Amino acid sequence: MTKKATAVLLAVLLAASAVSTAAAATATGSSVAASEAQDGSAYAGTHVTFDVAENAVANYSVGGETALDSVKVQSGSESDGVFDGSVDLSAVTSISGSALSLSASANANAEVSTEGSASMTAHDNSHGILVVEAAGDDQVVVANVSSGADAEAESDQQVEVTTANGTQGAFIVVGNGSVAVNDDGDVSAQLEGDSRLVFRAYPDGKSEQSEQTESYIASGKATGEVYVDQQDGELVTDTVAYSQETAIEAEQSAEDTVSVTVERAREEGKIVVTSVSEAAVGAVSDLDVTVDGEAAAEASTYGELESAIGGDASKYMVKQSSSAEASAKVYVALNHFSQRNVEMQGSDGGTETTDGGSTTAADTADSGDGGETGGDVPGFGVGVALVALVGAALFAVRQ
């Protein structure tokens, strides 16, 4: 073997080793992330990360930025004067906090339980929704916002937060309770037994849809939210319930079809807010929505949408995302309950090609042009890349 061939072979083998090492590092990184997400004291999701200290949820981050330094919850029976009105809520700047534990993490959310009835659920979606639920007993909550953040009360039901770099967020009380900016510039809330405190973050900025959704949550018109999104190449669903005795389930029931089942013990109609990606429904520019198997009417205004609550028929409204990501916000006003099934499907799941055929999102992903299997060698997986490298080495040796 010539010196030149030996050098070529050595270079190729080193490159092959680098490819293998990179693949192993990717797999290890995924494994570490999964481990961190369920190590008992921390959660690391696609959008949300936080730690669970002895008595507080700490370093709550959304989109890579810390939104809340800490969140504590404590039984109202241990908070003298808050619920009888003898202590102003704004004066509550510190509580000891109930003992916490990361009790469960699955799909796209994590639940933090307390030694009492309260619970906190973090939802790993684009808004990083955190829900503190009183669950039967009065509770006091104190949330320390991140350093340099500014908190401003919109009403006794809502406080707006802006972090040091301009990212916005909001605390909203759902049900009986109130929230205030306390004397330290942080956020304090009191929740009666059937209420919730909801935190939402907006890493990409607030939109008209954001304001409308907050309004529906605060007024109790929204019974919950559904997120169906693509994370790390897989479709992930997340559901958030805002009212008592409400159960929401979501799935991709068929290709380009998302099915949402909502069940409530009360008959009164409500709005379900859904966020669906193009990967889930095929196309978000033209969606077909059915309720219990029948086509729903599309509302042209929010007022028309709301009029469906308690009316003769359910209605929906689609709002396109203003971000670069192909997604849409779909408001579905269900005129009544007990159990309802909503299906959303893109009217056109593909895009035309030059030969008159169609290409789906899955076809694009598998084509190697930025797809998961492409990696740093477009159109080839790691195994194929190794074969190509070894082949080049053998050719060089023969020469």
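Please refer to the structure higher up on the page.
Along each chain, the written sequence defines residue order, and numbers are assigned to residues from 1. In view of the model being predicted, local features appear only for residues whose pLDDT reaches at least 70, and side-chain atom pairs are presented and counted only at 80 or more, with totals across whole chains, interfaces and linings using the full set of residues. To get the side-chain values, take all heavy atoms of the structure and skip hydrogens and water.

> How should I be thinking about the nonpolar core in this particular structure?
Here is a general trend for soluble globular proteins: nonpolar side chains tend to be buried in one another's company. Ranked by internal contacts, the top residues of the largest apolar core, which has 37 residues, are Phe50, Tyr60, Leu68, Met120, Phe171, Val187 and Leu197. Looking at which element gives the most residues to this core, the answer is strand β4 (residues 65–75), with 4 residues. Within this scheme, the nonpolar core is defined by two criteria: the residues are buried Ala, Val, Leu, Ile, Met, Phe, Trp, Tyr or Cys, and they are joined through side-chain atoms within 4.5 Å. For the exposure calls, accessible area comes from a 1.4 Å probe over protein chains only, and a residue counts as buried if that area is under 20% of its type's maximum, exposed if over 50%, partly exposed in between. Counting 24 residues, the second-largest nonpolar core is a separate cluster that includes Val258, Val260, Val262 and Val332. Helix numbering and strand numbering both begin at the N terminus, where a helix is a DSSP run of H or I of at least 4 residues and a strand a DSSP run of E of at least 2.

> Sorry, what's going on with the sheet that holds strand β24 (residues 315–320) here?
The strands making up a sheet are joined through hydrogen bonds of the backbone, oriented either antiparallel or parallel. A pair of strands is treated as paired once DSSP finds two or more bridges between them. If you trace the 6 strands from one edge of the open sheet to the other, you get β17-β16-β20-β25-β24-β23, paired in mixed fashion. Every other strand in the sheet has two partners, leaving β17 (234–241) and β23 (297–298) as the edge strands with one partner each. One ladder, built from 8 bridges, connects strand β16 (residues 222–231) with β17; its direction is antiparallel. Considered in β17, the bridge of Gln230 is made with Leu235.

> In this structure, what is going on with a negative patch on the surface? I would like to understand it.
Taken together, the side chains of Asp137, Asp138, Glu192 and Asp194 define an acidic patch exposed on the protein surface. Accessibility expressed as a relative area gives 40% for Asp194, which makes it partly exposed. Here a patch means residues that are over 30% exposed by relative accessible area and free of salt bridges, tied together within 9 Å if like-charged and within 5 Å if nonpolar (Val, Leu, Ile, Met, Phe, Trp, Tyr). We get accessible surface area from the Shrake-Rupley algorithm with a probe of 1.4 Å; when it comes to residues, only the shown protein chains can shield them. Salt bridges are identified by distance alone: a Lys or Arg side-chain nitrogen within 4 Å of an Asp or Glu carboxyl oxygen. Positive: Lys, Arg. Negative: Asp, Glu. His and the chain ends are not part of the count. Just so you know, the charge point we use is NZ for Lys, CZ for Arg, CG for Asp and CD for Glu.

> What am I meant to see in unusual backbone geometry here?
Outside of glycine, negative phi angles account for most residues, and trans bonds account for most peptide bonds. A positive phi angle, near 60 degrees, is found at Ala135, a position not held by glycine. Positive phi is not limited to glycine here, since Asp292 has a value of about 55 degrees. Summarising the element assignment, Asp292 is placed in the loop between β21 (287–291) and β22 (294–295). Asp292 gets classed as partly exposed once you look at its relative accessible area, which sits at 39%.

> Looking at this model, I keep getting lost on the pairing of β21. Mind explaining?
The alternating pattern of β21 places Leu287, Val289 and Val291 on a buried face and Asp288 and Thr290 on a face that is not buried. Pairing of β21 with β22, which is carried by 2 bridges, proceeds in the antiparallel orientation. From the neighbouring strand, Val291 faces β22, where its bridge partner is Glu294. Here β21 folds back onto β22, and the loop between the two strands holds 2 residues, one of which, Asp292, carries a positive phi near 55 degrees.

> What is the right way to read the packing of aromatic side chains from this model?
Given two aromatic rings, their pairing is described by the distance between the two centres and the angle made by the two planes. Aromatic pairing here means that ring centres of Phe, Tyr or Trp (its six-membered ring) are within 6.5 Å. Orientation follows from the plane angle: under 30 degrees is stacked, over 60 is edge-to-face, and everything else is tilted. Considering all chains together, one arrives at 6 aromatic pairs under this definition. Summarising the aromatic geometry, the rings of Tyr43 and Phe50 are spaced 5.6 Å apart at their centres and angled 25 degrees between planes, so their arrangement reads as stacked. This pair shows no difference in class: Tyr43 is buried, exactly as Phe50 is. Considering the side-chain rings of Tyr216 and Tyr331, the 6.0 Å spacing of their centres and the 75 degrees angle between planes classify their relative orientation as edge-to-face. You can see Tyr216 sitting in helix α2 (residues 208–219) and its partner Tyr331 sitting in strand β25 (residues 327–336), a full 115 residues away along the chain. Here Tyr216 falls in the buried class, since its relative accessible area comes to 1%. The class of Tyr331 is buried, set by a relative accessible area of 0%.

> Hey, could you run me through the sheet that holds strand β19 (residues 257–264) in this one?
Strand order in the open sheet formed by 5 strands is β18-β19-β26-β21-β22, with antiparallel pairing between adjacent strands. Each edge of the sheet is formed by a strand with only one pairing partner; in this case those strands are β18 (246–254) and β22.

> What is the right way to look at the pairing of strand β20 (residues 268–277) in this model?
Remember that side chains alternate between the two faces of the sheet whenever the strand is regular. Where burial is concerned, most of β20 is hidden: 9 out of the 10 residues are buried. Two strands pair when backbone bridges link them, and β16 and β20 are joined in this way by 6 bridges, in the parallel orientation. Among the inter-strand pairings, Glu225 is bridged to a residue of β20, identified as Val273. Taken together, the 9 bridges between β20 and β25 define a ladder with antiparallel strand orientation. Bridge pairing in β25 places Lys270 opposite Leu334.

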